Amino acid sequence: MAGGISVLEWFTLLGLVLGIVVLIGALGYLPLRILGLRSPQAVVLSPPVGLGILGLLTLVNGVVGWRWSWWQVCITLVLLIAAFLLAEWKDAARGPRLSVPEISGRTARLVVVGILLFAVIQTVALVITWPGAAAIQSFGDAQFHYNGIQLLLDGASTSPFGGLSAMYDPGGQGAVYYPTLWHSLVSLFSFGDRIVLASNAAVIATGSVFWPWSLAMLGLITAPKSRFVTLFVPLFALLCTVFPGNLVFRTSIHPLGLGLAFLPAGIAIVLLIVDNARSPAAYFLGVLAAVGLFAAHPSVGLLLMVVVGISILGAILQLSATLWSRGAKMASSSVVIIASLAVFTLFAVVLRSDYVNNLGMFSRESKAYTEVVATLLSGTLASAPLFPNVSLVLLWLCVFGFAILGIWTMRNFGAARVLLASGLTYGLLFVLAGGPENRLRALTGPWWKDDTRLLVPFLIVTLVFASVGASRVVCRLIDPPIEDRRRWFGLVGFASLLLVVVIVLPAALSTGRTLGGYAKLGYSLDPRVPSVLDEDRVVVLEAASAAFEDGEVLVGSYSSGVGFVSVFGGVDSFYPRPLYSSGDQSLLATEFDQILTDPQVCEAIERHGIVGLMIDSGTPVNRRDPAYAGFYNVDVGSGFELVAQSGGISLWRITACDDTN
């Protein structure tokens, strides 16, 4: 037993993790084999291609209007297998259609070892700290995502243009954009409507498998001749507390987390295009990678466009330099001027778009530039105190030292230069976004949660160059021919001990401690924990699943935890999001307490089949969200029947809108 959950359920969870990994891997592996890549290369490069195909499937399915299920995925797999077999039969001797670094057996083994080390360390930490395999993530974003999965299981569209708008603005006039790829993926594995178990499986697959896999892929493409880069980069990634720990395991920001986990692989595809500028196959893979990232979360797709833009800029500068060297100075200057005008025009159009301006509406924390830079260099989002763990900071200083060595080692390689320029751009955007100057912060509108969206890609670049530097140090220790074999073995032993003591052991301890803290915050039902879901809410939600029928709808404030009701039974919740919505959602969130006097409230309740109300009276007045004022001041003396109560949480059946009243 583990936290009251059977061992069988843990094995079920791990089976679902394996299923998610195999599905995305297979969707990516087959097209790469069709393009002529050898099996090891296709395996390593498969994640971004598989995510792109799955994202394309959800987009097409949303446009056509079919109910999302396994049959669309199975048909796609059958078609890919048939195309692969046809390609093998038709031209068995064909060569690859793009140049990809050769992957030897030793390199493949190092890739597997690096991914497994990362996955095992993080998964063991999660298993130890989670209350159970089907533990419910209790932070606020989790209830939104659980309801999104349930909507798809109930037949909602997978289109990001309004597929989940039932949670924003039911019956509204316009389609609300929100990515559905993560919810679509989890819904495929929610067998028997076990959306919590499937969600936890997706969490582990995203943060413990695809994240190190993508990092290893980027390291391999950036430095194909660096012997141990694919081993070091996942190990260095264990030092990151912001991702996946903070974003995925703690605060449940799953669509963004899915995109960021695949971002290194997307960057690797862009670098492949740099090395295969005349290969249509490379651009085909680039389109698929971009589709996958935009489908996962648009802001991550925009992060990829930073690398694309830098690659294009580099090509333009190279063309200009070539023309200048040939004496065509006027043509060289014209190329630079036209390119600059095009960039500034595109930049102005993007900044003036409604999408970017709406993202910029969110408030951001402002800091001094020195504090922002310190946060950037610490590898963590800890703010009070800024450096809570001295050993972790010392490790990060070692990482940056290795990164500098890695940059120097790769200084003459085009792909490495693009990656370095991208990393510096991400760092600059992070500093501008977090600093005190509002005019500069406005430039980063597409990434309003700048502390995560812009810090993680900077860390990605740092980790890759650090792994190159560390690989060079280890190779220097073990490569020189030494006549004294005892001395040679001593150096190898010392390098191995250094690897374990300096990197693996502290990383494991740091990961276990960090994930343990996140699990206690995000997965515990301890009422002392400051999360949305606690013991009182669990008692009331369990009572709701028994007292109300399948398909009946409850309503309440965000802090009441009513959004979690779908994971306790067949009861649904009317998900109020007044920040984004209008119409009935805003009406109920702000004026529900006028139910006995305002007929519009009862009309909205009847339109959506709402039969019950959850009230949170335990939250102090100064911590209540004014956007939900209508739920905090309800007079239940008339028009309501008490169903259950625990602590400051109560559940009421609504009778105020009955015809008899």
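See the structure shown above.
This one's a predicted model, so the numbers in the text were calculated from it and none came from an experiment. (Residues numbered from 1 in each chain as written. Predicted model: local features only at pLDDT ≥ 70, side-chain atom pairs only at ≥ 80, totals over all residues. Heavy atoms only, no water.)

1. Section: the overall build of the protein
From N to C terminus, the protein includes 25 helices and 5 strands. For the protein, with 661 residues in total, the buried portion stands at 55%. Long-range contacts, defined as pairs at least 24 residues apart, comprise 74% of the intrachain contacts of the protein with a sequence gap of at least 6. Of the roughly 28300 Å² of accessible surface on the protein, a fraction of 65% belongs to carbon and sulfur atoms. (Helix = DSSP H or I, 4+ residues; strand = E, 2+ residues; numbered from the N terminus. Buried < 20%, exposed > 50% of the residue type's maximum accessible area, 1.4 Å probe, protein only. Contact = heavy atoms within 4.5 Å. Areas by Shrake-Rupley, 256 points an atom, 1.4 Å probe, with all protein chains shown as cover.)

2. A word on helix α3 (residues 70-90)
Taking 1.5 Å per residue, 21 residues should reach 30 Å; α3 reaches 30 Å between its end C-alpha atoms and fits that length. Within the sequence span of α3, burial applies to Gln72, Val73, Thr76, Leu77, Leu80, Phe84 and Ala87. Down the axis of α3, the buried side of the element spans an arc of 130 degrees, and every buried residue falls inside it. Among the exposed residues of α3, those pointing more than 90 degrees away from its buried face are Val78, Leu79, Leu85, Trp89 and Lys90. (Expected span 1.5 Å × (residues − 1). Arc of directions from axis to C-beta.)

3. Describing helix α7 (residues 195-222)
With 28 residues, α7 extends 38 Å from end C-alpha to end C-alpha; this agrees with the ideal 40 Å at 1.5 Å per step. Counting buried residues in α7 gives 28 out of 28 residues, a clear majority hidden from the surface.

4. Focus on a nonpolar patch on the surface
Taken together, the side chains of Leu56, Val60, Val63, Val64, Trp66, Trp71, Ile75 and Leu79 present a nonpolar region at the surface, about 800 Å² in accessible area. Every element with two or more residues in the nonpolar patch is listed here: α2 (39-64) and α3. Among the elements that line the nonpolar patch, the one with the most residues is α2, at 4 residues. Here Leu56 shows up in helix α2. Judged by its relative accessible area of 39%, Leu56 falls in the partly exposed class. (Patch = residues over 30% accessible without salt bridge, like charges linked within 9 Å, V, L, I, M, F, W, Y side chains within 5 Å. Salt bridge = Lys/Arg side-chain N within 4 Å of Asp/Glu carboxyl O.)

5. Overview of the packing of aromatic side chains
Here a ring pair, both rings aromatic, is described through the centre-centre distance and the interplanar angle of the planes. Tallying each qualifying case throughout the model produces 12 aromatic pairs. Aromatic pair Trp211 and Phe243: ring centres 4.7 Å apart, planes at 80 degrees, arrangement edge-to-face. With Trp211 in helix α7 and Phe243 in helix α9 (residues 242-250), the pair connects residues that are 32 residues apart, well separated along the chain. For Trp211, a relative accessible area of 1% corresponds to the buried category. When the ring of Phe232 is compared with that of Phe236, the centres are 5.8 Å apart and the planes differ by 25 degrees; the resulting orientation is stacked. One end of the pair is Phe232 and the other is Phe236, both in helix α8 (residues 229-237) and 4 residues apart, which spans about a single turn. By the ring-pair criterion, three or more aromatic residues cluster together here, those being Trp70, Phe189 and Phe191. Between the NZ or CZ atom of Arg411 and the centre of the ring of Trp408, over which it lies, the distance is 3.8 Å. (Phe/Tyr/Trp six-rings, centres within 6.5 Å; stacked < 30°, edge-to-face > 60°. Lys NZ or Arg CZ within 6 Å of the ring centre and 35° of its normal.)

6. With respect to the packing of helix α10 (residues 254-275) against helix α12 (residues 298-325)
Relative to each other, α10 and α12 sit at 20 degrees, their axes nearing to 9 Å. As far as their axial angle goes, α12 and α10 are roughly parallel. The handedness of the crossing between α10 and α12 is right-handed. Taking contact as the criterion, the partners of Leu256, Gly259, Leu260, Leu263, Gly266, Ile267, Val270 and Val274 in α10 are, on α12, Ser299, Val300, Leu303, Leu304, Val307, Val308 and Ser311. (Axes fitted to C-alpha atoms, helices over the stretch in contact; angles between N-to-C directions. Parallel < 35°, antiparallel > 145°, perpendicular 65-115°, else oblique. Left-handed = near helix turned anticlockwise from the far one by under 90°.)

7. Some details on a negative patch on the surface
The grouping of Glu603, Glu606, Glu641 and Asp658 at the surface amounts to a negative patch. One can find Glu641 in strand β4 (residues 640-646). Classification of Glu641 as partly exposed rests on a relative accessible area of 44%. (Lys, Arg positive; Asp, Glu negative; His and termini not counted. Charge placed at Lys NZ, Arg CZ, Asp CG, Glu CD.)

8. Details of the environment of Trp70
Position of Trp70 relative to the elements: it lies in helix α3. Assessed through its relative accessible area of 28%, Trp70 is described here as partly exposed. For the pair formed by Trp70 and Phe189, sequence separation is 119 residues and the distance between their alpha carbons is 9.2 Å. Apart from the residues lying within four places of it in its own chain, the contact partners of Trp70 are Leu23, Leu188, Phe189 and Phe191.

9. A closer look at the pairing of β4
Relative to strand β5 (residues 649-654), β4 is paired through 6 bridges, and the arrangement is antiparallel. Bridge assignment links Ser646 to a residue of β5, and that residue is Ile649. The antiparallel pairing of β4 with β5 creates a hairpin that spans 2 residues between the two strands, and Gly647 there sits at a positive phi of about 60 degrees. (Pairing = 2+ DSSP bridges.)

10. Points about the state of the cysteines
A full pass over the atoms with the stated rule returns 1 disulfide. Paired by a disulfide, Cys602 and Cys657 hold their sulfur atoms 2.1 Å apart. As the torsion about the S-S bond is roughly -85 degrees, the Cys602-Cys657 disulfide counts as left-handed. Of this pair, Cys602 sits in helix α24 (residues 599-607) while Cys657 sits in the segment after β5, and the two are 55 residues apart along the sequence. As far as the burial class goes, Cys602 and Cys657 line up, both buried. (Disulfide = S-S within 2.5 Å.)

11. Things to note about the side chain of Thr230
With respect to the helices, strands and loops of the structure, Thr230 is situated in helix α8. Note on Thr230: relative accessible area 1%, which makes it buried. In this structure, Thr230 is in contact with Thr107, Leu110, Val111, Gly114, Ala216 and Leu220, ignoring residues within four places of it in sequence.

12. So, the pattern of salt bridges
Enumeration over the complete set of coordinates arrives at 2 salt bridges. The salt bridge partner of Glu9 is Arg194, with a shortest N-O separation of 1.9 Å. One end of the pair, Glu9, is in helix α1 (residues 7-34); the other, Arg194, is in the loop between α6 (181-188) and α7, with 185 residues separating them in the sequence. In this structure Arg194 comes out as partly exposed when scored by relative accessible area, which is 38%. The partner of Arg537 in a salt bridge is Asp616, and the shortest N-O contact between them spans 3.6 Å.

13. What about the pairing of β5?
With 5 of 6 residues buried, β5 is to be regarded as a mostly interior element. When strand β3 (residues 610-616) meets β5, the two strands line up antiparallel, connected through 5 bridges. Opposite Ile615, over in β5, you have Ser650 as the bridge partner.

In short, geometric facts, not functional conclusions.
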